[in-house]
Amino acid sequence: MRNENQDPKERAARMPVVHALRWDAYRIPLPASFTSAHEELATRQGFILTLQTSEEDIIGLGECAPLPKFSGGTIEDARASFQTLPPLIQGQSLTAALELVYQQVDALPTTVAYALETALLDALGHYYHCSLGTLLALPTLAEPLTSNMLETTRTGLREQVAINTVVGAQTIASAGVLALQAVTNGYTSIKLKVGADIHQAQDLVAAVRATIGPGPQLRLDANEAWTFEQARTILTACEPYNIQYVEQPLARTDLPGMAALRRLTSIPIAADEVLSDLASARLILEAEAADILVIKPQLAGGLRNAQQIIQQATAAGIQCVITSTIESGIGVASALHLAAASPEIQLACGLATLPMLADDLIIENLPIHQGCMTVPTAPGLGVHLDQTALTRYT
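The text that follows walks through the structure, step by step, so that each part is easy to find. (Residues numbered from 1 in each chain as written. Predicted model: local features only at pLDDT ≥ 70, side-chain atom pairs only at ≥ 80, totals over all residues. Heavy atoms only, no water.)

1. Observations concerning the packing of aromatic side chains
The geometry of an aromatic ring pair comes down to the distance between the two centres and the angle between the two planes.
Okay, step 1: Using the criterion set out here, one finds three aromatic pairs in the structure.
Okay, step 2: Between Tyr127 and Tyr128, the ring centres sit 5.2 Å apart and the planes meet at 70 degrees, which makes this aromatic pair edge-to-face. As far as the burial class goes, Tyr127 and Tyr128 line up, both buried.
Okay, step 3: What links up through ring pairs into an aromatic cluster is the set Trp23, Phe47 and Phe82. (Phe/Tyr/Trp six-rings, centres within 6.5 Å; stacked < 30°, edge-to-face > 60°. Buried < 20%, exposed > 50% of the residue type's maximum accessible area, 1.4 Å probe, protein only.)

2. Description of the packing of helix α4 (residues 94-104) against helix α5 (residues 110-128)
Okay, step 1: At a minimum axis distance of 10 Å, the contact between α4 and α5 shows a crossing angle of 160 degrees. Relative to α5, the element α4 is oriented roughly antiparallel. Crossing hand, α4 versus α5: left-handed. Judged by residue contacts, Leu94, Thr95, Ala97, Leu98, Val101 and Tyr102 of α4 engage Ala113, Leu116, Glu117, Leu120, Leu121, Ala123 and Leu124 from α5.
Okay, step 2: Class assignment of the residues belonging to the contact of α4 with α5 gives a composition of eleven nonpolar, one polar and one charged. (Axes fitted to C-alpha atoms, helices over the stretch in contact; angles between N-to-C directions. Helix = DSSP H or I, 4+ residues; strand = E, 2+ residues; numbered from the N terminus. Parallel < 35°, antiparallel > 145°, perpendicular 65-115°, else oblique. Left-handed = near helix turned anticlockwise from the far one by under 90°. Contact = heavy atoms within 4.5 Å. Nonpolar A, V, L, I, M, F, W, Y, C, P; charged D, E, K, R; others polar.)

3. Details of the sheet that holds strand β4 (residues 160-162)
Adjacent strands of a sheet pair through backbone hydrogen bonds, lying either parallel or antiparallel.
Okay, step 1: The three strands are arranged β4-β13-β12 in an open sheet whose pairing can be described as antiparallel. A strand with exactly one partner marks an edge of an open sheet, and here the two such strands are β4 and β12 (368-369).
Okay, step 2: Note: β12 against strand β13 (residues 372-374), two bridges, orientation antiparallel. Bridged to His369 within β13 is Cys372. (Pairing = 2+ DSSP bridges.)

4. Quick look at the pattern of salt bridges
For side chains of opposite charge, pairing can occur when their charged atoms come near one another.
Okay, step 1: Per the counting criterion, the structure on display carries ten salt bridges.
Okay, step 2: The salt bridge involving Lys191 is made with Asp221; its shortest N-O contact spans 3.7 Å. Note that Lys191 is positioned in strand β6 (residues 189-193) and Asp221 in strand β7 (residues 217-221), a separation of 30 residues in sequence. Comparing Lys191 with Asp221 shows no difference in burial state: the two are buried.
Okay, step 3: Note that Arg252 and Glu224 form a salt bridge whose closest N and O atoms lie 2.8 Å from each other. Taken as a pair, Arg252 in the loop between β8 (243-247) and α11 (255-264) and Glu224 in the loop between β7 and α10 (228-238) lie far apart in primary sequence, 28 residues in all.
Okay, step 4: In this structure, a network of salt bridges that share partners links the residues Lys191, Lys193, Asp221 and Glu247. (Salt bridge = Lys/Arg side-chain N within 4 Å of Asp/Glu carboxyl O.)

5. Describing the nonpolar core
Okay, step 1: If you look at the biggest cluster of nonpolar residues, it comprises 128 residues, and the most contacted ones within it are Leu51, Leu192, Leu293 and Ile295.
Okay, step 2: In terms of residues, this core owes the most to one element, α5, which gives twelve residues.
Okay, step 3: Non-local contacts of Ile295, meaning those with residues more than four positions away in its chain, are made with Leu275, Ala300, Ala306, Ile309, Ile310, Cys320, Val321, Ile322 and Thr323.
Okay, step 4: Grouped together as the second largest cluster of nonpolar side chains are six residues, Tyr245, Ala270, Val321 and Leu347 included. (Core = buried A, V, L, I, M, F, W, Y, C linked by side-chain atoms within 4.5 Å.)

In structure tokens:
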């Protein structure tokens, strides 16, 4: 903390206030374009938020990276929304600004709310000299935080988070090579993108399972590509291949179909595109349309919103997975802290996406070893913006 001997109430009263907020656009190419059932993604666009406080050495970083094919608005929506933020939070303490963001969260694009919340929590972590994950693991930030409280919370965090790797829609031969390479590198969970051609998808699943053997977990991601009959056909055919789950086999609008499909197959159904905010999560749970919720904090409206989704899903006996949206290292680090602070998350998370980008925009590495990502322990996000790289991709 800034002063370990300072009274907690006095320390809270002396908390820095928000001085300024800037947002810098980026456009990062993907060296190898990423193909899913939705689109072929060749570049990733977004914004890095930098929040400056009344103490020059305390700043906060956040990332806003819309995916229009999913939810959360567009780049244009985000840019317009940024203009409304400085009057909302300037002059407010970090915790007061956070509370204002939570009060306004439904009025902001979810990606903007997430970026601003992350930046405020990052700055708050620097002030209290603790990780962002430590702050997320606390039940509340409303009361003055003591050294003992933070240390006790810190010891309960995971140091590493298990992650899956992604094999995009490929030829059968290339998919097998990539999957085997991932297993050789220590991954125990592989997510295989499968397209609308159900016969090709069946052959792809069979070939990849034969290549990697029975041990590694194999997940499928259909990205809404199938009709109900196609989904029933392919999932029935894939039941012998020990599939951990299939993401979004049907259109996001077809919750009744997902619920019906869930009753017809032994392969668990995961909700992805249909899941955005807390309201959509409640609809999925009420419809009993999924066994697993795939949570993208970028699209969920923030980290605390994501935590509420996890809590309500857990109460209903539904598991959750945290995934990135192929954003830069700022967004991935934020999602990693969320996973580390969420003991309910027991499945491998989808955070191994930084190698897909030409640059991750951060100075540090987020190391992956034997299928696990190491959680930063430095204050806040634990990563710093590479300003030179950001300028290169502006």
